[in-house]
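A closer look at the structure
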Amino acid sequence: ALELERTVTIADLLSDFKGHLRVTGTAEDTELTRYLGVAALQFEDAVSRLLVAGTVKEHYDDWPWLYYRDFALSRSPVASFTSVKYYDVDGNQQTWDSANYDTDLTSEPARVKVAEAATLSYPGLETNKYNAVTLEYESGIAADVASLPADAVNALFVKAASLYAPGREAGYVDEEAVERCWWAAVRRYQWKVQ
């Protein structure tokens, strides 16, 4: 399970998006904000990146590196790795000492692995607990919406506008143009094999 916490959201792009659509009133703000949110989530899922910085918590029922001692984080870029927390066999949440794992935040995807010098490969977990392990880190392409790359913002606006337009009487959407713009931006931000 993936959990995201952000103080800045894509909704902060609403006034710019309304300018893109040439919408001046506020009657449709809720609807437009929803379309922006849908477009942002689709983009983030397609590229495995967060647009705006936030805290990511990845929850697992068991240690994610049981067999390989190495695990790829699901979102990039990773600015900092915060912690590995787990519920021990007595049901108490513990923070695993950072000396027991190494991080590679430069690669994409970023990786966490059990340290060679770790005195144990992984502590015992409470076996009847869902989400027994949590990896927490900071990730995001930009610190705020004003710092987002223009091509990513344009892709969001084009996609969100296409969601908005079909319900409009005068709205004609060139779906091929929307998809070309969308996938051109997605390809630029997808992870590259190194």
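Residues numbered from 1 in each chain as written. Predicted model: local features only at pLDDT ≥ 70, side-chain atom pairs only at ≥ 80, totals over all residues. Heavy atoms only, no water.

Regarding the sheet that holds strand E6 (residues 101–104)
What links the strands of a sheet is backbone hydrogen bonding, and the strands pair in either a parallel or an antiparallel sense. Where we set the bar: Here the rule is simple: two strands pair whenever DSSP picks up at least two bridges between them. Labels follow the DSSP assignment, with helices taken as runs of H or I lasting at least four residues and strands as runs of E lasting at least two, numbered in each case from the N terminus. To get an axis, fit a line to the C-alpha atoms, keeping to the stretch in contact for a helix; angles then go from 0 to 180 degrees between the N-to-C directions.
In spatial order, the strands read E3-E7-E6; together these three strands make up an open sheet with antiparallel pairing. Edge positions in the sheet fall to strand E3 (70–72) and E6, since each of these pairs with one other strand and no more. Strand-to-strand twist across the sheet, computed as the mean angle between neighbouring axes with direction ignored, equals 20 degrees. Of the strand pairs in this sheet, E3 and strand E7 (residues 111–114) are connected by three bridges, and their pairing is antiparallel. If you follow Phe 71 over to E7, its bridge partner there is Val 112.

Observations concerning the packing of helix H2 (residues 29–47) against helix H4 (residues 175–189)
To describe two helices that pack against each other, one gives the angle between their axes and the distance between the axes. The cut-off we apply is this: Under this scheme an angle from 65 to 115 degrees is roughly perpendicular, one under 35 degrees roughly parallel, and one over 145 degrees roughly antiparallel; angles in between are oblique. Crossing handedness follows the turn of the near helix against the far one: under a right angle anticlockwise gives a left-handed crossing, and clockwise gives a right-handed one. When checking whether two residues touch, look at their non-hydrogen atoms; a contact exists if any pair is within 4.5 Å. Amino acids are sorted into nonpolar (Ala, Val, Leu, Ile, Met, Phe, Trp, Tyr, Cys and Pro), charged (Asp, Glu, Lys and Arg) and polar (every other residue, Gly among them).
Contact pair H2 / H4: the axes reach a minimum separation of 9 Å and the direction vectors enclose 45 degrees. Taken as axis vectors, H2 and H4 run oblique relative to one another. Where H2 crosses over H4, the two elements pack in a sense that is right-handed. Here Ala 39, Gln 42, Phe 43, Ala 46 and Val 47 of H2 come into contact with H4, specifically with Trp 182, Ala 185, Val 186 and Tyr 189. Across the contact of H2 with H4, the residue classes break down as eight nonpolar, one polar and no charged.

Quick look at the sheet that holds strand E2 (residues 54–60)
If you walk across this open sheet you meet the five strands as E1-E2-E8-E4-E5, and the pairing is antiparallel. A strand with exactly one partner marks an edge of an open sheet, and here the two such strands are strand E1 (2–5) and strand E5 (93–95). Ignoring which end each strand starts from, the neighbouring axes of this sheet average 25 degrees apart. Of the strand pairs in this sheet, strand E4 (residues 78–87) and E5 are connected by three bridges, and their pairing is antiparallel. When the bridges of E5 are listed, Tyr 86 appears paired with Gln 94.

Considering the pattern of salt bridges
Test applied: Take a side-chain nitrogen of Lys or Arg and a carboxyl oxygen of Asp or Glu: if they are within 4 Å of each other, that pair is a salt bridge.
By the definition in use, this model includes five salt bridges. The shortest N-O distance in the salt bridge between Asp 104 and Arg 111 comes to 2.5 Å.

Details of the packing of helix H1 (residues 14–21) against helix H3 (residues 150–164)
Two elements in contact, H1 and H3, have axes whose closest approach is 11 Å; the angle formed by their N-to-C orientations is 65 degrees. It follows that H1 is roughly perpendicular to H3 by the angle criterion. The two elements H1 and H3 cross, and the hand of that crossing is right-handed. Across from Asp 16, Phe 17, His 20 and Leu 21 in H1, the residues of H3 making contact are Phe 157, Val 158, Ala 160, Ala 161 and Tyr 164. Along the lines of polarity and charge, the residues of the contact of H1 with H3 split into seven nonpolar, one polar and one charged.

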